[in-house]
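# Structure at a glance
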Number of protein chains: 2
Amino acid sequence: MSATKLTYLALPGLAEGIRYLLHYGGVQFEDERLTREEVAAMKEKLPLGQVPVLQIEGKTLFQSQAICRFLAKRFNLTGKDEWDSVQCDIASDTIYEIRNAYLTFFHEKNEAAQKEKRVAAVKKIDFILGKLEGHLAKNDGHFVKGQLTWPDFMIAAFAEHINSRAGQDMFAAKPLLSALRDEINALPAIKAYIEKRPKY
Amino acid sequence: MSATKLTYLALPGLAEGIRYLLHYGGVQFEDERLTREEVAAMKEKLPLGQVPVLQIEGKTLFQSQAICRFLAKRFNLTGKDEWDSVQCDIASDTIYEIRNAYLTFFHEKNEAAQKEKRVAAVKKIDFILGKLEGHLAKNDGHFVKGQLTWPDFMIAAFAEHINSRAGQDMFAAKPLLSALRDEINALPAIKAYIEKRPKY
């Protein structure tokens, strides 16, 4: 079997969920962390000119959510039936909306416009996190009631990055999301990974 | 069994892929098309304050991609194994990047900035469509070789909207994408739907 290799930047971003799942599943892999310049230099060779890219069992996968769902199926993290599975997909798409929200200001070059967009984005992120918090309240603190599923890992993996981009602790007033994040981060494989990962 | 009902705006946008799949699967459903004002008025009642929302078998589903994947599984449109399935997910995420690209200028209020962003977005959309065209070339003109899968429906359902937002025919120099779109649009259930749907 060919070696498993994840290629991304030296930050959590779109790869941290993949890293969490690979560690949870006990997969030995090369966690390649490149500079933006190194990624730019290999752009032509990348499937869509972007990272993350996962090489696994001789195949090259891209699109972070697609990779996470693929791994989640392998590690029985998609629930017990089609309804659980669609709940996972809904939750993951909603978590990615948070990322799309902070992208609206992150790439804005005009300073005044960036400030204005950041305020709107933080408001939107708080709204989405509030909806997720409400969902957890009805499902015993998990995205799918009574089960550990892959969006639980996604929110934990994204949490630090969300806070960093927003410039504030967006989870402070979200006790259930905070508890879920802490629960995932306390899983032995994830805890071991966090302790040894490079500082962001 | 409770009635199936899709709620969205009176445009293709994020719902057209769902409409295509429901028609393909022969599902009888109410295709509710609201004005922006009507959606705004019911915002509080919507799961994430937004549409599309699909009510099916007593459940309320949201997030358009999650809904499409759910329907695709029902109608055997996710390929034969986990590798086909992840190819479908990669393709669908990539098609949604096109939408994210045109959103960058669509909501920009500053006229000069919108013009500049539109040029960048059209360039990015053309780049992504070029990558998809290359993928089709290696897979007999489908997203998963030798099989009809749900991203085939997604690109066909999105095509008109992409062109409308870009203000030009982005498929003109993409013969394989154009042929795939035409193949899907010629399927009896899709053809019948297109003939009777409201003009956009």
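Residues numbered from 1 in each chain as written. Chains lettered and ligands numbered in written order. Predicted model: local features only at pLDDT ≥ 70, side-chain atom pairs only at ≥ 80, totals over all residues. Heavy atoms only, no water.

## With respect to the relation of the copies chain B and chain A
For clarity, the threshold we go by: When the copies are superposed, the least-squares fit takes in the C-alpha atoms of residues with a pLDDT of at least 70 in both.
Mapping chain B onto chain A is achieved by rotating through 180 degrees and translating by 0.0 Å along the same axis, at an RMSD of 0.0 Å. In short, the pair behaves as if placed about a two-fold rotation axis.

## Observations concerning the interface of chain B and chain A
Cut-off, in case you're wondering: Should any heavy atoms of two residues lie within 4.5 Å, those residues are counted as being in contact. Buried area: the sum, over both parts, of the accessible surface (1.4 Å probe) that disappears when the two are put together. What makes a salt bridge here is a side-chain nitrogen of Lys or Arg within 4 Å of a carboxyl oxygen of Asp or Glu, nothing more. Polar contact is defined as a pair of N or O atoms within 3.5 Å, subject to the rule that within protein one atom must be able to donate a hydrogen and the other to accept it, and that residues adjacent in sequence are counted only when both atoms are side-chain atoms. Put simply, DSSP H or I for four residues or longer makes a helix, DSSP E for two residues or longer makes a strand, and each gets a number counted from the N terminus. Three categories are distinguished: nonpolar for Ala, Val, Leu, Ile, Met, Phe, Trp, Tyr, Cys and Pro, charged for Asp, Glu, Lys and Arg, and polar for the others, with Gly belonging to the last.
With 31 residues of chain B at the contact, the number on the chain A side is 33 residues. Of all residues in chain B, Leu48, Trp83 and Ile90 of chain B bury the most surface against chain A, accounting for 21% of the area lost on that side. Between the two partners, chain B and chain A, sit four salt bridges. Its salt-bridge partner being Glu82 of chain A, residue Arg74 of chain B comes within 2.8 Å of it at the nearest N-O pair. Counting the contacts that link chain B with chain A gives 14 residue pairs in polar contact (both at pLDDT 80 or more). Elements with a minimum of two residues in the side of chain B that touches chain A: strand S4 (59-62), helix H3 (64-74), helix H4 (82-106) and helix H5 (111-137) of chain B. Per-element tally for the side of chain B that touches chain A: the top contributor is H4 of chain B, with 11 residues. Of the residues that constitute the side of chain B that touches chain A, the class distribution is 12 nonpolar, seven polar and 12 charged.

## Comments concerning H5 of chain B
Residues and elements named next belong to chain B. Basically, it comes down to this: Multiply 1.5 Å by the residue count of a helix minus one, and that product is the helix's expected span. Under the scheme applied here, a residue whose accessible area is under 20% of the maximum for its type counts as buried, over 50% as exposed, and between as partly exposed, the area being computed with a 1.4 Å probe on protein chains only.
For H5, which comprises 27 residues, the first-to-last C-alpha distance of 38 Å matches the rise-based estimate of 39 Å (1.5 Å per residue) to within 8%. Those residues of H5 lying buried are Ala121, Val122, Ile125, Ile128, Leu129, Leu132, Glu133 and Leu136. If you follow the buried residues of H5, they end up packed against H4, helix H6 (150-166) and helix H7 (175-185).

## Some remarks on the UniProt feature "domain: GST C-terminal" (unreviewed entry) in chain A
Stated precisely, the cut-off is as follows: UniProt positions are given in the numbering used here, feature names are shortened, and annotations may be inferred rather than shown by experiment.
The sites that UniProt annotates as "domain: GST C-terminal" (unreviewed entry) are residues 81-200 of chain A. For the annotated span residues 81-200 of chain A, helix accounts for 74% and strand for 0% of the residues, and the straight-line distance between the end C-alpha atoms is 37 Å.

## Some thoughts on the packing of aromatic side chains
Under the convention used in this document: Working definition: a ring pair exists when centres of Phe, Tyr or Trp rings (six-membered ring for Trp) sit within 6.5 Å. Plane angles under 30 degrees give stacked, over 60 give edge-to-face, the rest tilted. To sit over a ring, a charge needs its Lys NZ or Arg CZ within 6 Å of the ring centre and within 35 degrees of the ring normal.
This structure, assessed with the given rule, holds eight aromatic pairs over all chains. It is Lys59 of chain A that lies over the ring of Trp83 of chain B; its NZ or CZ is 5.1 Å from the centre.

## Quick notes on the nonpolar core
Convention followed: Buried Ala, Val, Leu, Ile, Met, Phe, Trp, Tyr and Cys residues that are joined via side-chain atoms within 4.5 Å together make up what is termed a nonpolar core.
Grouped together as the largest cluster of nonpolar side chains are 67 residues, with contacts concentrated most on Leu71, Leu129, Leu132, Phe143 and Ile155 of chain B. When residues of this core are assigned to their parent elements, the largest contribution, 10 residues, is made by H6 of chain B. Filtering out sequence-adjacent residues up to four positions away, Ile155 of chain B remains in contact with Ile95, Leu129, Leu132, Phe143, Phe171, Leu177 and Leu180 of chain B. Ranked by size, the runner-up nonpolar core spans 66 residues in total, among them Ile56, Ala72, Ile128 and Leu129 of chain A.

## As for the pattern of salt bridges
In this structure the tally under the stated criterion is 30 salt bridges over all chains. We note a salt bridge from Arg197 of chain B to Glu160 of chain B, for which the minimum N-O separation is 3.0 Å. Note that Arg197 of chain B is positioned in the segment after helix H8 (188-196) and Glu160 of chain B in helix H6, a separation of 37 residues in sequence. Taking the relative accessible area as the measure of exposure, Arg197 of chain B reaches 13% and is therefore buried. Judged by relative accessible area, which is 43%, Glu160 of chain B ranks as partly exposed. By sharing partners, the salt bridges in this structure join Glu16, Arg19, Asp31, Arg33, Glu160 and Arg197 of chain A into a single network.

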